[in-house]
Amino acid sequence: VIEIGQPEHSKVTTCAYCGVGCSFKVEMRGEQVVRMVPYKDGKANHGHSCVKGRFAFGYATHRDRITKPMIRARITDPWREVSWDEAIAHTASEFRRIQATHGKDAVGAITSSRCTNEETYLVQKLVRAVFGNNNTDTCARVCHSPTGYGLSQTFGTSAGTQDFDSVEHADVMLLIGANPTDGHPVFASRMKKRLREGAKLIVIDPRRIDLVRTPHVEAAIHLAIRPGTNVAILSALAHVIVTENLIDADYVRERCETDAFADWAEFVARESNSPEATAAITGADPEDVRAAARLYATGGNAAIYYGLGVTEHSQGTTAVMALANLAMATGNIGHVGAGVNPLRGQNNVQGSCDMGSFPHEFTGYRHVSTPDVRALFEREWGVTIDPEPGLRIPNMLDAAIDGTFKGLYIQGEDIAQSDPDIRHITAGLSAMECVVVQDLFLNETAQFAHVFLPGSTFLEKNGTFTNAERRIQRVRKVMTPKNGYEDWEITQLLARALGYDMNYHHPSEIMDEIARLTPTFANVSFDLLDRVGSVQWPCNEEAPEGTPTMHIDHFVRGQGRFFVTEYVPTDEKVGPRFPLLLTTGRILSQYNVGAQTRRTQNSAWHEEDLLEIHPHDAEQRGVTDGSWVKLASRAGETSLRAKITERVAPGVVYTTFHHPMTMANVVTTEYSDWATNCPEYKVTAVQISPSNGP
Ligand code: SF4
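Residues numbered from 1 in each chain as written. Predicted model: local features only at pLDDT ≥ 70, side-chain atom pairs only at ≥ 80, totals over all residues. Heavy atoms only, no water.

Per an unreviewed UniProt entry, the chain goes by Formate dehydrogenase subunit alpha and derives from Acidiphilium acidophilum.

Draft legend 1. The overall build of the chain, seen in detail. A tally of helices and strands in the chain yields 22 helices and 28 strands. Relative to its length of 694 residues, the chain is compact, with a C-alpha radius of gyration of 24 Å against a globular reference of 26 Å. Across its three principal axes, the chain shows a C-alpha extent of roughly 70 × 65 × 55 Å. Within the chain, contacts between residues at least 6 apart in sequence are counted, and of these 73% link residues at least 24 apart. Summing over all exposed atoms, the chain offers an accessible surface of approximately 23900 Å²; the carbon and sulfur share of this is 49%. (Helix = DSSP H or I, 4+ residues; strand = E, 2+ residues; numbered from the N terminus. Rg over C-alpha atoms; globule rule 2.2 N^0.38 Å. Contact = heavy atoms within 4.5 Å. Areas by Shrake-Rupley, 256 points an atom, 1.4 Å probe, with all protein chains shown as cover.)

Draft legend 2. Seen up close, the environment of phenylalanine 55. As for its position among the elements, phenylalanine 55 is in the loop between α1 (51-54) and β4 (70-71). Using a relative accessible area of 17% as the deciding quantity, one classes phenylalanine 55 as buried. Once the C-alpha coordinates of phenylalanine 55 and methionine 36 are considered, the two residues, 19 residues apart in sequence, prove to be 7.2 Å apart. (Buried < 20%, exposed > 50% of the residue type's maximum accessible area, 1.4 Å probe, protein only.)

Draft legend 3. Spotlight on helix α9 (residues 258-268). For α9, the complete set of buried residues consists of Ala260, Phe261, Trp264, Ala265, Phe267 and Val268. The buried side chains of α9 occupy one side of the element, clustering within an arc of 160° when seen end-on. The inward-facing, buried residues of α9 abut α7 (230-243), α8 (249-255) and α13 (316-329). (Arc of directions from axis to C-beta.)

Draft legend 4. Summary view of the site of the ligand. Looking at the ligand, the residues that line it are Cys15, Tyr17, Cys18, Gly21, Cys22, Phe24, Ser49, Cys50, Lys52, Gly53, Pro185 and Val186. Contributing elements (two or more residues each) for the shell around the ligand: α1 and α6 (185-196). By residue class, the composition of the shell around the ligand is 8 nonpolar, 3 polar and 1 charged. (Near = heavy atom within 4 Å. Nonpolar A, V, L, I, M, F, W, Y, C, P; charged D, E, K, R; others polar.)

Draft legend 5. Fine view of helix α16 (residues 393-402). Looking only at α16, the buried set comprises Ile393, Met396, Leu397, Ala399 and Ala400. End-on view of α16: buried residues confined to an arc of 160°, all on one side of the axis. For α16, the elements touching its buried residues are β6 (107-111), β7 (136-138), β17 (407-411) and α18 (422-430). At the C-terminal side of α16, glycine 403 shows a positive phi close to 90°.

Draft legend 6. Structural detail: the nonpolar core. Formed by 62 residues in total, the largest nonpolar core has its most connected members in Tyr121, Leu126, Trp381 and Tyr409. A total of 8 residues in this core trace back to one element, the largest contributor, which is helix α3 (residues 117-131). Not counting chain neighbours up to four residues away, the residues in contact with leucine 126 comprise Phe131, Tyr409, Thr491, Leu494, Ala495, Leu498 and Met502. Ile233, Ala236, Ile247 and Val252 belong to the second largest nonpolar core, which has 54 residues in total. (Core = buried A, V, L, I, M, F, W, Y, C linked by side-chain atoms within 4.5 Å.)

Draft legend 7. Main features of the sheet that holds strand β27 (residues 652-656). The strand order around the closed barrel formed by 6 strands is β23-β27-β24-β26-β25-β28, and the pairing between neighbours is mixed. Geometrically, the sheet is characterised by an average inter-axis angle of 45° between neighbouring strands, direction not taken into account. Pairing analysis gives 5 bridges linking strand β25 (residues 628-632) to strand β26 (residues 637-644), with the strands arranged antiparallel. Paired with tryptophan 628 across the two strands is arginine 641, which belongs to β26. (Pairing = 2+ DSSP bridges. Axes fitted to C-alpha atoms, helices over the stretch in contact; angles between N-to-C directions.)

Draft legend 8. Focus on the pairing of strand β3 (residues 32-38). Across 6 bridges, the pairing between strand β2 (residues 23-29) and β3 is antiparallel. Within the sheet, the bridge partner assigned to valine 26 lies in β3 and is methionine 36. In textbook terms, the turn of a hairpin is the stretch between consecutive antiparallel strands, and for β2 and β3 this stretch comprises 2 residues, one of which, glycine 30, has a positive phi near 60°.

Draft legend 9. Molecular detail of the environment of arginine 470. Tracing the chain through its elements places arginine 470 in the loop between β20 (463-466) and β21 (471-475). Taking relative accessible area as the criterion, arginine 470 reaches 0% and is therefore assigned buried. Put simply, arginine 470 and aspartate 354 are 116 residues apart on the chain and 9.4 Å apart in space, counted from C-alpha to C-alpha. In contact with arginine 470, not counting residues within four places along its chain, are Ala159, Gly160, Thr161, Gln162, Val535, Gln536, Trp537, Pro538, Thr547, Pro548, Thr549 and Met550. One polar contact links the side chain of arginine 470 to the main-chain carbonyl oxygen of proline 548, over a distance of 3.0 Å. (Polar contact = N/O pair within 3.5 Å; in protein donor to acceptor, adjacent residues only side chain to side chain.)

Draft legend 10. Layout of the sheet that holds strand β1 (residues 9-14). Strands sit in the order β1-β2-β3 across an open sheet of 3 strands; the sheet is antiparallel. Two strands close off the open sheet at either side, each with one partner strand: β1 and β3. Averaged over all pairs of adjacent strands, the angle between strand axes in this sheet comes to 30°, irrespective of strand direction. Two strands pair when backbone bridges link them, and β1 and β2 are joined in this way by 6 bridges, in the antiparallel orientation. Pairing of histidine 9 across the sheet is with methionine 28, part of β2.

Okay, here's the thing in structure tokens:
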């Protein structure tokens, strides 16, 4: 703990780790943080926080921060520190050269779910207005892109339907593919409180997460399914609801497209979707499945909470649609206490998606091919915008390997550690002529960079983040950026060097532009946020104070739309060479690739990634607790220590992806969601064998 005397002044800002979005009062003495205190009036956290957030200020002043821009001609050359003027001029000249030689589509950018709304907005504007293409994507591609697509198709908007406070009115919670006690600790505490008051919990997860049984809280049902079988188990739940007539018929008739409902009901009622028939796929006890379906459909207000265990599959979008189907069929959507809620991993993953970071959408999820929307942006920006969607992250890397994509600007994203099938990532990056990394530290991706632009931390900038409940909250600058600039200013410098006049003086002006262009943000301004604390979008003339619960009278798309969600097994198969299934997740003390949490002042943070393995599988392979093992898949191999536990079932192993020493994503594969290319991190066929260490 750092104590450096009594604070002299303080500001309220928002945690930059997970999608809960806790508010903190940052107490300062001069330019030094004395402590971060959870803010009692924070509407997402009500005065609570986890230890990770409280110590987040440590990385802002860590000695590893890079504060001077650097360039090099080849990635094998040493870095050379240069002035900001030289770094920006060099980057602009390289991007101009690449576009002149290889065409306008040879460059693109990746925005960050760690940066503010205003910063991600500027990056996609740079791409569309200055690069002249739509080659912009976000790290949400590899986490919640199926949420965006699945919920927009079924409900009409790409976001969770409730606010966090609504959990206090839930009678039943269906938690699938999420581990809130590690990933979203403050919200997990609220879930536990509600469970202690008598609400019931259904957990669907291959692993026995803490909420299955923890002091004073026990799940009513845990369906420990095989990895990769979410869609089959959700069809089984739907089968029971339809065949036992547990449908909310009035709700469906009044609120949903009835033809699509009839098709769905006919499909799920088939015997092949029954709990008994699907048990061979999922491994779940049919009686438990029947009990879970009855509880969800008849237990009162039922709220679904889900995470990356749903989205990061080859059928990620299908599973999101299947969850939406369940909620509509039982009338569990559009009122307090019920809904469908993605637990977003990163602080601003909702925001980066809202801000038009995807290659096919402007802000507010409007397609780039829609003429009147495009005309609106063309008028505001004074340019002509390409009507064709651009490249997604994996397509950018494919194109680089093919020799048609040469320049990439990466804002705050470490794709060489966090993205799947690392060999493919590094091959793509190595094939480019100008990789620009804008980040706090020399991360794994920087090994492949030609330009390093030092970024700023959440304590050094103004702006907004949008949390998992669509809550837009202020980020306030409490110290001078050590690198000299806030991230939005760096993007603006680059745009100007490329001949486009961006001329913002403060991020509030960027938010004003977003509000002018985005109907769901029409009333949002820094003045409003400073006055009322935070608002949940849509926030406009119809909902001047924001919208805690969505789809109350009608769905955003009009009527809710059911989709037939047929289970299709992943192409990733176990076999004699790779007989175990690996699935991955997070631990409380670390955050994503660990670049920040490993640099905070708490020794408990220095844990390593462990491989959880069932005693039966460990014994068969001669693996002992704490010993080193080799983890191998057809994509690659790595070494880590074993942790023998019955949290995982026989045939399943589990690890986290926080440490560059482990590089768990060396073994994950190229398979991805059929609709969005979200990688299938959660299912990899692997083999384990004793090893001598890395
Ligand atoms: Fe809150 Fe998440 Fe930050 Fe913890 S990491 S303080 S739960 S926002």
